[in-house]
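# Geometric and topological summary
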Amino acid sequence: MPELRRVPVNGVELNVALAGSGPAVLLLHGFPHTWELWTDVMADLSGRHRVIAPDLRGFGASGPAASGYDAGTLAEDAEALLTTLGVSSAAVVGIDAGAAPAFLLALRRPGLVRRLVVMESLLGTLPGAEDFLADGPPWWFGFHSAAPGLAETVLEGHEADYVDWFLRAGTLGDGVRPALRDAFVRAYTGRQALSRAFSYYRALPESAAQIEQAVATARLTVPTMAVGARPVGDALERQLRPVTDDLTGHVIEDCGHIIPLHRPRALLALLRPFLAGEDAQAA
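In short, a report on the structure. (Residues numbered from 1 in each chain as written. Predicted model: local features only at pLDDT ≥ 70, side-chain atom pairs only at ≥ 80, totals over all residues. Heavy atoms only, no water.)

This part takes up the environment of Leu74. For Leu74, the position within the fold is in helix H2 (residues 71-84). With 57 residues separating them along the chain, Leu74 and Asp131 place their C-alpha atoms 28 Å apart. Setting aside residues no more than four positions away along its own chain, Leu74 makes contact with Arg57, Gly68, Tyr69 and Pro101. (Helix = DSSP H or I, 4+ residues; strand = E, 2+ residues; numbered from the N terminus. Contact = heavy atoms within 4.5 Å.)

Right, here's the structure in full:
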């Protein structure tokens, strides 16, 4: 089992899972997940790496925060976490809500981020995702953000059903192990927990502006891998292609959005050689 530690960073106390030793790998989760999204990935990578998996601010067992759910602030949280833990260089892996912060951190601090992996997300309004967005963004983006306070009011008392829907859809109907399902439900139960989660969606316009401003003045120079499944596919890779110097893209077949739990072996088959290249580069 990973060690769980409370780490104060950037004005908020993060709940952080730590395992293994070696070159550092930082894992950033999305919605509706916690660090436990990475359970299978951590068990494998911790044999060769120091794996660091926080609950993002306001999520899971991390401390509540009234603001700071934009990608730029989440990237600052991640940087501060690495600094506090004494990590001077790390591979960073982000999925869903964790992808944009991972991207901005790598863009801003290429000396800190040796390698970047981003999965199943879009990077603001960068070109390349037009086909994916042809029928508009996923319905829950509007539901979570259109009228602050409404989604929480509607969902309070029905959190388990709501989280279950995302877990089933994100695994193409397979679902996740009961212990993990229960952990995710607990993390998103209660009006305040829901409000903090939806604050990420309400900050998406600010995050999109941060991404647009960042790529206007810099290119992503660190080796980067984009991994897609269903529904995002290769849209993220197409967004990254014009702004990235060293990009590899993969789409995992027969895999839902929650890649680390639905197809962990397929994901690890991509992560291991990508991180091994980092090890060889560092040697």
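Read on for the rest.
The next subject is the environment of Phe184. With respect to the helices, strands and loops of the structure, Phe184 is situated in helix H7 (residues 178-187). When its relative accessible area of 0% is taken as the criterion, Phe184 is described as buried. Along the backbone, Phe184 and Val117 are 67 residues apart, and their C-alpha atoms lie at a distance of 23 Å. If we ignore the near neighbours within four places in the chain, the residues touching Phe184 are Pro32, His33, Thr34, Glu36, Leu37, Val163, Leu167 and Leu261. (Buried < 20%, exposed > 50% of the residue type's maximum accessible area, 1.4 Å probe, protein only.)

Moving on, we come to the sheet that holds strand E4 (residues 50-54). Judged by pairing direction, the sheet is mixed, and its 8 strands sit side by side in the order E1-E2-E4-E3-E5-E6-E7-E8 without closing on themselves. The sheet is open, and its two borders are formed by strand E1 (3-9) and strand E8 (247-256), each paired with just one other strand. Between one strand and the next, the sheet's axes are offset by a mean angle of 20°, whatever the strand orientation. Against the sheet, H2 touches E1, strand E2 (12-19), strand E3 (24-28), E4 and strand E5 (90-95), its axis set at about 115° to E1. On the sheet, helix H3 (residues 99-108) packs against E3, E5 and strand E6 (113-119) and is oriented at approximately 155° with respect to E6. (Pairing = 2+ DSSP bridges. Axes fitted to C-alpha atoms, helices over the stretch in contact; angles between N-to-C directions.)

Glancing now at the nonpolar core. With 100 residues, the main nonpolar core has Trp38 and Ile52 as its most contacted residues. When neighbours within four sequence positions are excluded, Trp38 is seen to be in contact with Leu27, Leu28, His29, Ala53, Val93, Ile95, Met119 and Pro260. (Core = buried A, V, L, I, M, F, W, Y, C linked by side-chain atoms within 4.5 Å.)

This paragraph deals with the packing of helix H6 (residues 159-169) against H7. Axis separation between H6 and H7 bottoms out at 9 Å; the angle between their running directions is 130°. Taken as axis vectors, H6 and H7 run oblique relative to one another. Of the two possible hands of crossing, H6 and H7 adopt the one that is right-handed. Along its contact with H6, which presents Ala160, Val163, Asp164 and Leu167, the element H7 presents Arg181, Phe184 and Val185. Looking at side-chain class alone, the contact of H6 with H7 contains 5 nonpolar, no polar and 2 charged residues. (Parallel < 35°, antiparallel > 145°, perpendicular 65-115°, else oblique. Left-handed = near helix turned anticlockwise from the far one by under 90°. Nonpolar A, V, L, I, M, F, W, Y, C, P; charged D, E, K, R; others polar.)

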